[in-house]
Structures are given as C-alpha cells and as structure tokens.
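# Structure assessment
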Amino acid sequence: MITGKTNVFGIIGDPVEHSLSPGMHNAAFKELGMDNIYVPFQVKAEHLEDAILGAQSLGVKGFNVTIPHKTEVINYLDYLDIAAGLIGAVNTIEFGKNGAVGHNTDGIGAVMAIEEVTPVKNKKVVILGAGGASRAIAFQLLLSGVDNLVIANRTVEKAGELKTDLVEKLDHEVRVSGLDENLTQELSDTAILINTTPVGMYPNVDEKPVVTAEMMHPDMVVNDIVYNPLKTGLLNEADKAGAKSISGIKMLMYQGVEAFKIWTGIEPPVEIFQRALMNELDLDEI
Ligand SMILES: NC(=O)c1ccc[n+]([C@@H]2O[C@H](COP(=O)([O-])OP(=O)(O)OC[C@H]3O[C@@H](n4cnc5c(N)ncnc54)[C@H](OP(=O)(O)O)[C@@H]3O)[C@@H](O)[C@H]2O)c1
C-alpha cells in the first residue's frame, strides 16, 4: 500500500512505456518488504531540467535515465561518480542530502553479465560498434582490467574518437578496426566478443550478423547486448562455432541490480530481477 512514507523511484526517458525496469525494481521492493515504488515517467527533452528539479522538490529518491537523456542530464546534476564522469553519460541518479549524483551502471552491468561466464581481467576483448553502449562498456572493461581492447566499427573514424578518449583518460593502449579482414585477424585470438550494434534487433532479426561462425572459435565468449530477440543471429553463429553465448538481457538485469544497490545500499538477490524479467517477457528461463 502506498502511504505518506513510501519512497518514490522511477525511470525518465522518451519513450518509456516498454521499459522492463519498473517490473524488476517493483518486484525487488515487494519481495524485500521495502516501502518503495518505481514509476515510469515520459519526459520530453525540453522538460528534462524541470523534471530533475521537480523530482528533487517532490522528494523522489532516485531515477534511472534512458534514451534520449543519458548525456544531456549531466547538465542538471551536482556530482558524477567515476564511471559516469569518464563515460560522459548517466543511467542512474541518486537524490540525497548532497544533491543529485549521477552514476553509470550500464558498463558494469555488461561486465557482470560476462563474468557469469568468464573473468574479463587480462583478456583480449573486441567490441563491435562505437556508440553510447560501446563507450560505457569500453571504459568499464579497462577499469575492470581488460588487457587488450579493440573497437571495431563500420565508421572507423568514430571508433578512433572513442579510442582517443579512452587513451587520454585511462592511459591504456586501445586498437581500432573496420568491419573487414583486419577484424577477422583480430578475432582469431580474441577471448570475448561483444556486439553493441543494433544489427539483428527486432524487426530486422534476419539481418546478417557483423561476425559469422567462421570468424569465431570454440574458446570465445560472445555477448550480444541486443536482447530483442533474446537469441540473435550473432548468438546463433556463436552456437555454430561452439562458442559460449550471453544474451543482452543479462546486461539489462545487472545494470538494474547495480542501480538498486546504489539507491538502497542493499545487495538484492539477482534471482528476483531474473524472475521479474522472465515474467515480463513470458519466458521459462533467461
Ligand atoms: N542490453 C542492454 O542493457 C542495452 C543497453 C544499451 C543499449 N543496448 C542496445 O545496444 C544497441 C546500441 O545502442 P547505442 O545506444 O550504443 O546505439 P548508438 O549510439 O546509435 O551506436 C550504434 C553503433 O552501431 C553501429 N551500427 C549501426 N547500424 C549498423 C549496421 N547496420 N552495421 C554495422 N554497424 C552498425 C554504429 O556504427 P556507425 O558509427 O558506423 O554509425 C554505431 O557504432 C541498441 O540495439 C540498444 O538496444 C542494450
């Protein structure tokens, strides 16, 4: 029951009606007996500042932030944590005594998903794509001890811009590649491949994956951050190659788990988030 003591959390974005986050967080609040509620708020770009100031006036405790506000919202926050400052994007806000603090749990969410299967420290990783998700994951991979990082992108200059930023901020070598023979060469000794391009995302589920089975090997771990469908064309190619595959739904789950920890200080059982996603997506397992 909602009372005068109930703490309000939410997600701001445009659109937000298909977000899976309310289901995850409300399930966790309920199962852990917490007097909290999580609400989706559709916020137009021109109302973003009002939304942040208004949330603080209303005593909202925390927000997730999704497209298109992850970068712009920084202008209205008081502090950023290390990851959010490096990445230059925020997906979680904590409203408290010290003002509005921005965090980024996307990168750590992806790393936690991969680490269900294999540690990332000292590994060689290839990321396909150089957009917002690639940026969050690339910074976190280097913070988590990845040794050898390659950013492969259709537009090589964009991969070069991300590389420059990574090298300047973290002083770690990074290589770039096009989606060409050089990528095939790089993949031959790659431990972890992460797709951050939208290739294969619904409704374009039959689009040819950027990397096919002949370019993979059985010791490779393949993570597609696209989660609609759960089994993308790239993950089918990973099966053909005998490689291990990780669905993008795990990144979504763990970014939520990390946001929950930031807001409540409680490490929630991952199974609660997993079950909530399975219920929402009507699946027997994820
Ligand atoms: N699982 C999760 O929790 C999670 C979280 C965030 C995002 N995502 C998913 O990740 C995907 C990317 O999101 P984003 O925000 O990073 O997007 P973004 O900033 O638009 O970046 C997209 C990247 O994909 C590349 N790309 C686009 N179409 C391509 C194609 N047909 N062939 C090859 N490369 C192509 C782009 O290359 P160019 O530079 O050449 O244009 C760019 O590097 C989306 O599908 C999103 O749903 C999942």
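Residues numbered from 1 in each chain as written. Predicted model: local features only at pLDDT ≥ 70, side-chain atom pairs only at ≥ 80, totals over all residues. Heavy atoms only, no water.

Moving on: the UniProt feature "domain: Quinate/shikimate 5-dehydrogenase/glutamyl-tRNA reductase" (unreviewed entry) in the chain. The sites that UniProt annotates as "domain: Quinate/shikimate 5-dehydrogenase/glutamyl-tRNA reductase" (unreviewed entry) are residues 116-197. In this annotation, residues 116-197 is assigned 41% helix and 22% strand; the end-to-end C-alpha distance for the span is 22 Å. (UniProt positions renumbered as here; feature names shortened; annotations may be inferred. Helix = DSSP H or I, 4+ residues; strand = E, 2+ residues; numbered from the N terminus.)

Let's shift gears to the nonpolar core. Ranked by internal contacts, the top residues of the largest apolar core, which has 53 residues, are L141, L149, I151 and L166. The leading source of residues in this core is helix α9 (residues 249-264), at 9 residues. Of the domains in this structure, domain 1 (7-104 + 251-281) and domain 2 (107-247) are the two that each give at least three residues to this core. The residues contacting I151, other than those within four sequence positions of it, are I127, G129, A130, S134, A138, A159, L162, L166, V174, R175, V176 and S177. One finds V126, V150, L183 and M215 within the second-largest nonpolar core, a separate group that totals 18 residues. (Core = buried A, V, L, I, M, F, W, Y, C linked by side-chain atoms within 4.5 Å. Buried < 20%, exposed > 50% of the residue type's maximum accessible area, 1.4 Å probe, protein only. Domains from an automatic or database assignment. Contact = heavy atoms within 4.5 Å.)

This part takes up the site of the ligand. Within the structure, the ligand sits among 22 residues, and A130, A133, N153, T155 and I225 are positioned closest to it. Contacts to the ligand include T155, whose side-chain N or O atom sits 2.4 Å from an oxygen atom. Summarising the interface, the protein chains cover 75% of the accessible area of the ligand, which totals 940 Å² for the free molecule. The set of elements that each furnish at least two residues to the shell around the ligand consists of α5 (132-143) and α9. (Near = heavy atom within 4 Å. Polar contact = N/O pair within 3.5 Å; in protein donor to acceptor, adjacent residues only side chain to side chain. Areas by Shrake-Rupley, 256 points an atom, 1.4 Å probe, with all protein chains shown as cover.)

Looking now at the packing of helix α1 (residues 21-31) against α9. Contact geometry of α1 with α9 gives a least axis separation of 10 Å together with a crossing angle of 50°. In this view, α1 runs oblique relative to α9, as classed from their interaxial angle. Where α1 crosses over α9, the handedness of that crossing is right-handed. Of the residues in α9, those in contact with S21, M24, H25, A28 and F29 of α1 are L252, M253, Q255, G256, A259, F260, W263 and T264. Of the residues belonging to the contact of α1 with α9, the class tally is 8 nonpolar, 5 polar and no charged. (Axes fitted to C-alpha atoms, helices over the stretch in contact; angles between N-to-C directions. Parallel < 35°, antiparallel > 145°, perpendicular 65-115°, else oblique. Left-handed = near helix turned anticlockwise from the far one by under 90°. Nonpolar A, V, L, I, M, F, W, Y, C, P; charged D, E, K, R; others polar.)

Side chains of strand β11 (residues 221-224) alternate between two faces, with V221 and N223 and V222 and D224 buried alike. Where β11 and strand β12 (residues 244-247) come together, 4 bridges link them in parallel fashion. Looking at β12, one finds that V221 is bridged to K244. Handedness of the β11-helix α8 (residues 233-241)-β12 crossover: right-handed. (Pairing = 2+ DSSP bridges. Right-handed = clockwise from strand over helix to strand, strands pointing away.)

A few words on the side chain of D224. When you line up the elements, D224 lands in strand β11. Nearest to the buried, unbridged D224 among oppositely charged side chains is K231, at 10 Å. Separated by 2.8 Å, the side chains of D224 and N195 make a polar contact. (Lys, Arg positive; Asp, Glu negative; His and termini not counted. Salt bridge = Lys/Arg side-chain N within 4 Å of Asp/Glu carboxyl O.)

A few words now on the environment of A259. Checked against the element boundaries, A259 lands in helix α9. Between the alpha carbons of A259 and D165 there is a distance of 25 Å; along the sequence they are 94 residues apart. Other than its neighbours up to four places away in sequence, A259 contacts H25, N64, T92 and T105.

Another aspect to go through is a nonpolar patch on the surface. On the surface, M201, Y202 and V205 cluster together to form a nonpolar patch covering roughly 300 Å² of accessible area. Mapped onto the elements, V205 comes out in the loop between β10 (192-195) and β11. You can call V205 partly exposed: its relative accessible area is 34%. (Patch = residues over 30% accessible without salt bridge, like charges linked within 9 Å, V, L, I, M, F, W, Y side chains within 5 Å.)

Summed over the entire model, instances satisfying the criterion amount to 7 aromatic pairs. On the basis of an interplanar angle of 35° and a centroid distance of 5.4 Å, the ring pair of F9 and F29 is categorised as tilted. Taken together, the residues span a long stretch of sequence, with F9 in strand β1 (residues 7-13) and F29 in helix α1 at a distance of 20 residues. Each member of the pair, F9 as well as F29, carries the same accessibility label: buried. Ring centres of F41 and F63 lie 5.8 Å apart, and the angle between their planes is 70°; this geometry places the pair in the edge-to-face category. Of this pair, F41 sits in strand β2 (residues 36-42) while F63 sits in strand β3 (residues 62-65), and the two are 22 residues apart along the sequence. A network of ring pairs unites the aromatic residues F9, F29, Y38, F260, W263 and F273 as a single cluster. (Phe/Tyr/Trp six-rings, centres within 6.5 Å; stacked < 30°, edge-to-face > 60°.)

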